[in-house]
2 protein chains.
Amino acid sequence: MSSSAEKYDVFQAVADPTRRKVLQLLAGGELPISAITSHFTMSRTAIAKHLHILSEADLVSGRKVGREKRFRLQPEPLEELKQWLAFYDRFWDNKLSILKHVVEHPEETND
Amino acid sequence: MSSSAEKYDVFQAVADPTRRKVLQLLAGGELPISAITSHFTMSRTAIAKHLHILSEADLVSGRKVGREKRFRLQPEPLEELKQWLAFYDRFWDNKLSILKHVVEHPEETND
DNA sequence: TTGACATGAAACCAAATGGTTTTATATAAT
DNA sequence: ATTATATAAAACCATTTGGTTTCATGTCAA
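Colleague: Looking at this model, I keep getting lost on the overall build of chain A. Mind explaining?
Modeller: Check the secondary structure of chain A and you find six helices and three strands. Counting helices and strands in the order they occur from the N terminus, chain A gives α-α-β-α-α-β-β-α-α. Expressed as a percentage of the 111 residues in chain A, the buried residues total 37%. Look at the contacts in chain A between residues 6 or more apart in sequence, and 51% of them connect residues 24 or more apart. When the accessible surface of chain A is totalled, it reaches about 6500 Å², and 53% of it is carbon and sulfur.

This is how it looks when you write it as structure tokens:
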């Protein structure tokens, strides 16, 4: 049961390209901060902050092993994104039926 | 063929809750700025800016009709998000294999 | 043509974001 | 014990973001 009252949600967490790259790296397996940092030009501190944000969104979790802190991917929150997207499926999968609907119900087209 | 050299990508565009609500409203059909604004407490100008951002991400398109500008949903760019998500499917679909890994390596399970 | 409506555009602002450098602390290795 | 490694935490900074207010412009209606 991860933290609540999170500052960052999945949408925000995933909006940053650096964080997306971090997630991709972690998809390959657990990694300590230094190893992650080695794939970027920015400082380790910057990466640590991104990890903190990803952590708040529950997209990663970290555990200390010796002197290093290893992070692993926690993809579950992506489900929320997936479900959000699912709503829009009908708007471009079978676009014709939607168009048909709109044409047949023009009164629903204002507000 | 929509604009290029866009400042906002889909990830950023969708990161803001106000913009997600705007998309949802437009899912119900084409709407002018004023009508959209009526669903929020913030100013019309603010909404217009959000629409501009959504427009840069090609998630909406606007056309002038008389004195009003009507916006409609353009869901196609969401496909990019969908594909990005698809990559992570395998990381939680077969969650059992992950669990198995954790159980078999308890020494990695503190913090 | 006069006024109301719908939008556009610009200037401005506070807070958030994404980065830095510096300092401190815990662990590992020699 | 000493030094090197890995991280944490804090202070700082520039830019971006998300909002505002104000003013200008185009269109519709009376």
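Colleague: What is the right way to read the relation of the copies chain A and chain B from this model?
Modeller: One copy of the chain maps onto the second through a rotation about an axis and a displacement along it. By a simple turn and slide, chain A fits onto chain B: the slide is 0.0 Å along the axis, the RMSD is 0.0 Å, and the turn is 180°. This pairing of chains is accounted for by a two-fold axis. The rotation axis passes nearest to the C-alpha of A15 of chain A in chain A, at a distance of 3.1 Å. Looking at the interface residues of chain A, 85% of them are also at the interface in chain B, so both copies use one shared face.

Colleague: Mind showing me how you'd approach the sheet that holds strand β1 (residues 31-32) of chain B here?
Modeller: Strand pairing in a sheet is mediated by backbone hydrogen bonds. Such pairs are either parallel or antiparallel. Spatially, β1-β3-β2 (chain B) is the arrangement adopted by the three strands of the open sheet, whose pairing is antiparallel. Each of the sheet's edge strands pairs with one partner strand only, and the pair in question is β1 and β2 (60-65) of chain B.

Colleague: Explain the protein's contact with DNA strand C to me, please; I cannot follow it from the model alone.
Modeller: Taken together, 22 residues are adjacent to DNA strand C, and S43, K49 and H50 of chain A together with S34 and R44 of chain B come closest. Take the atoms of DNA strand C that sit within 4 Å of the protein: sugar and phosphate atoms are 65% of them. Note that a phosphate oxygen of DNA strand C is positioned 3.1 Å from one of the backbone N or O atoms of I33 of chain B. Elements with a contribution of two residues or more to the surface near DNA strand C: α4 (44-56) of chain A together with α3 (33-37), α4 (44-56) and β3 (68-73) of chain B. Considering each element in turn, the surface near DNA strand C owes the most residues, four residues, to α4 of chain A. Taken together, the residues of the surface near DNA strand C break down into five nonpolar, seven polar and 10 charged.

Colleague: Sorry if this is basic, but what is going on with the interface of chain A and chain B here?
Modeller: By a widespread convention, an interface's size corresponds to the accessible area lost as its parts come together. In this complex, chain A contributes 34 residues to the contact, which on the side of chain B involves 36 residues. With both chains or domains summed, chain A and chain B bury close to 3100 Å², and 63% of this area falls on carbon and sulfur atoms. In this assembly, chain A and chain B are joined by four salt bridges. Between D9 of chain B and R20 of chain A there is a salt bridge whose closest N-O contact spans 3.9 Å. Where chain A packs against chain B, one counts four residue pairs in polar contact (both at pLDDT 80 or more). Every element with two or more residues in the side of chain A that touches chain B is listed here: α1 (10-15), α2 (17-27), β2 (60-65), β3 (68-73) and α5 (78-89) of chain A. At nine residues, the largest contribution of residues to the side of chain A that touches chain B is made by α5 of chain A. Here the residues of the side of chain A that touches chain B sort into 15 nonpolar, five polar and 14 charged.

Colleague: Before we go on, may I ask you to explain the pairing of β2 of chain A in this structure?
Modeller: The side chains of a regular strand alternate between both faces of the sheet. Residues and elements named next belong to chain A. Sheet topology note: the β2/β3 ladder contains six bridges and is antiparallel. The partner of K64 across the bridge, within β3, is K69. Between β2 and β3, which follow one another and run antiparallel, lie two residues, and G66 among them has a positive phi close to 65°.

Colleague: Explain the packing of aromatic side chains to me, please; I cannot follow it from the model alone.
Modeller: Enumeration according to the criterion identifies 10 aromatic pairs over all chains in this entry. Measuring from ring centre to ring centre gives 6.1 Å for Y88 of chain A and F91 of chain A, while their planes differ by 45°; the resulting arrangement is tilted. The pair Y88 of chain A / F91 of chain A is uniform in exposure class, with both members buried. Considering the side-chain rings of F87 of chain B and F91 of chain B, the 5.8 Å spacing of their centres and the 55° angle between planes classify their relative orientation as tilted. Residue classification places F87 of chain B among the partly exposed residues on the basis of a relative accessible area of 40%.

Rules used in this analysis
- Numbering of residues starts from 1 in every chain and runs along the sequence as written.
- Throughout, the order in which chains and ligands are written sets their labels, letters from A for the former and numbers from 1 for the latter.
- It should be noted that, the model being predicted, local features are given only for residues of pLDDT at least 70 and side-chain atom pairs only at 80 or more, the latter also being counted only at that level, while totals for whole chains, interfaces and linings use all residues.
- Calculated side-chain values reflect all of the structure's heavy atoms, with hydrogen atoms and water omitted.
- Only DSSP runs of H or I covering at least 4 residues are called helices, and only runs of E covering at least 2 are called strands; the numbering of each starts at the N terminus.
- Summary of the burial criterion: residues with accessible area below 20% of their type's maximum are buried, those above 50% are exposed, and those between are partly exposed, where the area comes from a 1.4 Å probe applied to protein chains only.
- It only takes one pair of heavy atoms within 4.5 Å for two residues to be counted as in contact.
- Method for areas: the Shrake-Rupley scheme with a 1.4 Å probe, in which residue coverage is limited to the protein chains shown.
- A least-squares fit on C-alpha atoms brings the copies together, and the residues used are those whose pLDDT is at least 70 in both copies.
- Any two strands with at least two DSSP bridges between them are considered paired.
- Nearness is judged by heavy atoms alone; a residue qualifies as near a molecule or strand once a single heavy atom is within 4 Å of it.
- Here a polar contact is taken to be a pair of N or O atoms separated by no more than 3.5 Å, where protein atoms must pair a possible hydrogen donor with a possible acceptor and residues adjacent in sequence count only if both atoms sit in side chains.
- Classes in brief: Ala, Val, Leu, Ile, Met, Phe, Trp, Tyr, Cys and Pro nonpolar; Asp, Glu, Lys and Arg charged; the others, Gly included, polar.
- Buried surface area refers to the total accessible area, computed with a probe of radius 1.4 Å, that the two partners give up upon joining, counted for both partners together.
- The rule for a salt bridge is simple: a side-chain nitrogen of Lys or Arg has to be within 4 Å of a carboxyl oxygen of Asp or Glu.
- Pairing of aromatic rings covers Phe, Tyr and the six-membered ring of Trp, with a centre-to-centre limit of 6.5 Å; geometry is then stacked below 30 degrees between planes, edge-to-face above 60, and tilted otherwise.

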